[in-house]
Amino acid sequence: MGKTGVLEDQHYDIPFYAINAYVYCPYRYYLEHVQGIFADNAHITEGRFIHATKSKQSRWGNKKKIPGVFVASEELGVYGYVDYVISDSDDLRPIEIKKSSSTHLYENDRLQLIAEAVALSESTGKNVRLGVLKYEGSGKRFHVKIDEKAIKKLKEILSEMRKILSGEVTPKPKKSTKCEKCSLVSYCMPPDKDLKRMVTPHSERKESLFVMRQGAIVSRTGKSFLVSYNGDKLARVNAHSLSRIQLYGLITLTTPALKLAVEEGIPVSFMTLSGKLITKLSAPLSKNVMLRKIQYQKFEDPEFVIPLAKKLMIAKLDNMISALKRLGKNRKQKAKTEFIKQQRRNIKTAKSIEEIRGLEGIATKNYFQELQKYVPEKFDFDGRNRRPPKDEVNALLSFVYCLLLTDIQGICESVGLDPFLGFIHT
Ligand code: SF4
């Protein structure tokens with residue numbers, strides 16, 4: 001077996017997506033595949049969404065396409081899934097879908113596709129002379145020739161990648177325009193005024209089950225949850241595909257369904273109809289009592305709490321500034337962020353948690369006032385309101401804050417921290 005356990009070989013087996021990462025930036029490849037640091041950003045999340053939705057379509061022009069085909073090449077030591085395979089007379093063609101809006105072909109995508117094509121040919125014994133790359137953003141399709149020249153280039157790349165895996169070579173980070181779109185920028189580059197950082201959304205590879213139909217019943221069938229109402233089946237969801245269940249208002253959860261959630265480690269949140277968290281059932285709190293003891297001690301120590309609160313708050317304000325700047329850039333307007341920057345400076349010299357909280361409140365109010373400019377008028381959004389939210393935008397904000405809250409609570413509990421003892425807000 002090779003390192004990945006896929007092929008019998010002395011050399012390191014390499015997944016297709018790693019080839020893409022290496023050609024994009026060798027240091028990124030090193031961080032992900034040697035250091036084991038992965039992170040999502042808006043580009044990756046959107047790309048995953050495109051893959052998930054496109055995989056439901058079954059035709060490519062008038063040809064039938066087969067989604068998600070696993071292939072491997074023993075000769076090259078590469079493996080992975082091809083987005084689609086289409087059959088064209090005696091030939092097969094791999095199709096790779098990317099979210100890019102580019103009108104020209106990227107080299108990293110080209111080399112990934114060449115590897116997929118070689119593996120497809122070796123796995124099926126059929127000719128693969130062309131591969132197709134489609135950029136969803138621009139709608140452009142590129143036909144990539146799979147010839148000796150292309151395979152030679154791929155072999156050179158794979159050899160360089162294996163030198164990194166074996167420790168023979170360690171690449172260095174190199175600042176470029178690619179860094180702005182790179183999800184690892186926060187791990188890689190020091191804080192840098194010139195470098196715009198993307199706001200990074202949480203990586204959520206699993207689904208969430210939200211039940212809002214009043215009177216619905218969530219029961220268990222095998223390893224799945226069944227949602228029904230008045231005897232009609234509304235949905236059936238496999239427990240393995242779920243990361244959380246949220247029940248709003250009058251929803252019944254049967255005991256077997258609750259047991260399944262506990263067995264599978266799926267937290268269940270009971271919410272009011274307006275989205276307020278009533279209680280949450282999750283895996284028992286970690287037995288790390290000493291950690292909680294330290295947490296309680298630190299809570300009483302202003303020399304620990306105030307610098308930590310400042311760090312967190314400055315990070316929050318930085319994200320507000322980045323989000324507004326990005327919105328402004330998209331709309332070709334200059335976002336007003338000076339007021340938030342002023343609160344950021346004030347936080348640095350704040351003397352107490354109360355003062356930090358006050359400055360956070362001022363900055364947040366200003367953020368939402370500025371955000372109004374970018375929300376279409378039809379939504380009638382004039383700042384943040386809650387309990388209950390009075391318009392669609394506020395309802396959406398309350399909803400996602402609630403998701404975030406249950407996620408963070410779960411993370412705290414899983415490592416043994418008490419989520420009810422916050423150092424800034426409780
Ligand atoms: S931030 Fe730049 S140098 Fe660092 S891994 Fe990403 S692309 Fe490479």
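Described below are features of the structure shown in this document. (Residues numbered from 1 in each chain as written. Predicted model: local features only at pLDDT ≥ 70, side-chain atom pairs only at ≥ 80, totals over all residues. Heavy atoms only, no water.)

This brings us to the overall build of the protein. Helices and strands together make up the secondary structure of the protein, namely 12 helices and 15 strands. Burial analysis of the protein (426 residues in total) assigns 39% to the buried set. Looking at the protein alone, contacts between residues at least 24 apart form 61% of all its contacts between residues at least 6 apart. Surface exposure of the protein reaches about 24700 Å², of which carbon and sulfur atoms provide 55%. (Helix = DSSP H or I, 4+ residues; strand = E, 2+ residues; numbered from the N terminus. Buried < 20%, exposed > 50% of the residue type's maximum accessible area, 1.4 Å probe, protein only. Contact = heavy atoms within 4.5 Å. Areas by Shrake-Rupley, 256 points an atom, 1.4 Å probe, with all protein chains shown as cover.)

Alignment of strand β10 (residues 224–229) against strand β11 (residues 232–238), held across six bridges, turns out to be antiparallel. Across the sheet, residue V227 finds its bridge partner in β11, namely A235. In textbook terms, the turn of a hairpin is the stretch between consecutive antiparallel strands, and for β10 and β11 this stretch comprises two residues, one of which, N230, has a positive phi near 50°. (Pairing = 2+ DSSP bridges.)

Take the site of the ligand next. Near the ligand lie eight residues; those nearest to it are C25, K174, C179, C182 and C188. For the shell around the ligand, the per-class residue count stands at six nonpolar, no polar and two charged. (Near = heavy atom within 4 Å. Nonpolar A, V, L, I, M, F, W, Y, C, P; charged D, E, K, R; others polar.)

Following the criterion strictly, the structure yields 16 salt bridges and no others. A salt bridge links D91 to R129, with the nearest nitrogen and oxygen atoms 2.9 Å apart. One end of the pair, D91, is in strand β5 (residues 91–98); the other, R129, is in the loop between α4 (107–124) and β6 (130–135), with 38 residues separating them in the sequence. R110 is the salt-bridge partner of E107, the closest N and O atoms lying 2.9 Å from each other. Taken together, the residues span about one helical turn, with E107 and R110 both in helix α4 at a distance of three residues. (Salt bridge = Lys/Arg side-chain N within 4 Å of Asp/Glu carboxyl O.)

What follows concerns helix α10 (residues 338–348). Three or more residues of α10 are buried, namely I340, Q343 and I347. Summarising the axial view, the buried residues of α10 lie within an arc of 55°, below the 170-degree limit, and thus occupy one face. In this structure, the buried side of α10 is in contact with α9 (302–330) and α11 (353–371). (Arc of directions from axis to C-beta.)

With that settled, consider the pairing of β5. Burial analysis of β5 places eight of its eight residues in the buried class, which makes it a mostly covered element. The two faces of β5 match: D91, R93, I95 and I97 on one face and L92, P94, E96 and K98 on the other face are all buried. Here strand β4 (residues 78–88) runs beside β5; their pairing, made up of five bridges, is antiparallel. Bridge pairing links D88 to D91 in β5. Examined bridge by bridge, β5 and β6 share four bridges and lie parallel to one another. Along β6, the bridge assignment pairs K98 with Y135. A crossover links β5 with its parallel partner β6, the connecting element being α4, and its sense is right-handed. (Right-handed = clockwise from strand over helix to strand, strands pointing away.)

Taken in spatial order, the four strands line up as β8-β12-β14-β15 in an open sheet, and their pairing is mixed. The sheet is open, and its two borders are formed by β8 (207–211) and β15 (277–281), each paired with just one other strand. Strand-to-strand twist across the sheet, computed as the mean angle between neighbouring axes with direction ignored, equals 15°. Across four bridges, the pairing between strand β12 (residues 242–248) and strand β14 (residues 268–271) is parallel. The residue of β14 that forms the bridge with I245 is V268. (Axes fitted to C-alpha atoms, helices over the stretch in contact; angles between N-to-C directions.)

Moving on, we get to the packing of α9 against α11. Relative to each other, α9 and α11 sit at 5°, their axes nearing to 11 Å. With respect to α11, the element α9 is oriented roughly parallel. The residues of α11 that touch α9, namely those facing V305, I306, A309, K310, M313, K316, L317, M320, A323, L324 and L327, are I353, I356, E360, A363, T364, Y367, E370 and L371. (Parallel < 35°, antiparallel > 145°, perpendicular 65-115°, else oblique.)

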